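# Structural overview
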Amino acid sequence: MAKLYFRYGAMNCGKSTALMQVAFNYKERGMNVLIIKPNIDTKGNSSVISRLGIKEEVDILVDETMDIREELKINYNDKKINCLLVDEVQFMNEGQIDQLFEIAVKDNIPVICYGLRTDFLMNGFPGSKRLLLLAHSIEELKTICRCGKKAVLNARKINDKFVFEGEQIAIDLENNVEYESLCASCYYKYKER
């Protein structure tokens, strides 16, 4: 039986780079990989992009109403899929996470999801919360804070100033928004200023 994997980490820990490395490995062996991401993630448009300057075209942009499993049956039924890779999975809804679980269990296709566990206010994203309940395998990808400790939180900056209020979703590098991964101590230090 195939499995549903959730690989999460703070911003800039290499999630998208890891996804592209996995895609490369499958393709190098002559296997078929599908890459999907939510269309709400407009960074990179229809590509997964990495801070390293590499990018990979996405096969399916998922909107909030799409049934992912049905999409695969309709448009990819004639093609053997060896692995489904999902970028920015935190933006998917709970029902879509259930569909990814069914793809792994019922359709026997490994599904490897990459995303954030929490937002800039330390709240869980719906997709991530559901994955933490259903994934067969959960792995943290690590990065470091500006102080050198392990970063676990995502701080939002607007015009280079930390902010601690706002909508849950604001895309990195759009509308003067950027994110910085911080350890808990640094997060609270900037929040309490």
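Refer to the structure presented above.
Structure report, in brief. (Residues numbered from 1 in each chain as written. Predicted model: local features only at pLDDT ≥ 70, side-chain atom pairs only at ≥ 80, totals over all residues. Heavy atoms only, no water.)

For the rest of this paragraph, the subject is empty space enclosed by the protein. Under the criterion given, the structure shown has one cavity of 30 Å³ or more. Looking at the largest cavity, its volume works out to about 50 Å³. Considering only residue class, the lining of the largest cavity consists of three nonpolar, three polar and two charged. (1 Å grid on protein atoms, 1.4 Å probe; cavity = no way out; pocket = protein on both sides within 12 Å on 5 of 7 lines; lining within 4 Å. Points joined across faces, edges and corners; volume = space filled by probe spheres on them. Nonpolar A, V, L, I, M, F, W, Y, C, P; charged D, E, K, R; others polar.)

Per the stated rule, a full pass over the model turns up twelve salt bridges. Notably, a salt bridge pairs Glu-139 with Arg-7, separated by 3.3 Å at the nearest N-O pair. Residue Glu-139 is located in strand β8 (residues 137–140), and its partner Arg-7 is located in strand β1 (residues 4–8); the two are separated by 132 residues in the primary sequence. In this structure Arg-7 comes out as buried when scored by relative accessible area, which is 18%. Residue Glu-28 pairs with Arg-29 through a salt bridge whose shortest N-O separation is 3.6 Å. Neither Glu-28 nor Arg-29 differs from the other in exposure class; each is exposed. Among the charged side chains, a network of salt bridges with common partners joins Arg-69, Glu-102, Lys-106 and Asp-107. (Salt bridge = Lys/Arg side-chain N within 4 Å of Asp/Glu carboxyl O. Helix = DSSP H or I, 4+ residues; strand = E, 2+ residues; numbered from the N terminus. Buried < 20%, exposed > 50% of the residue type's maximum accessible area, 1.4 Å probe, protein only.)

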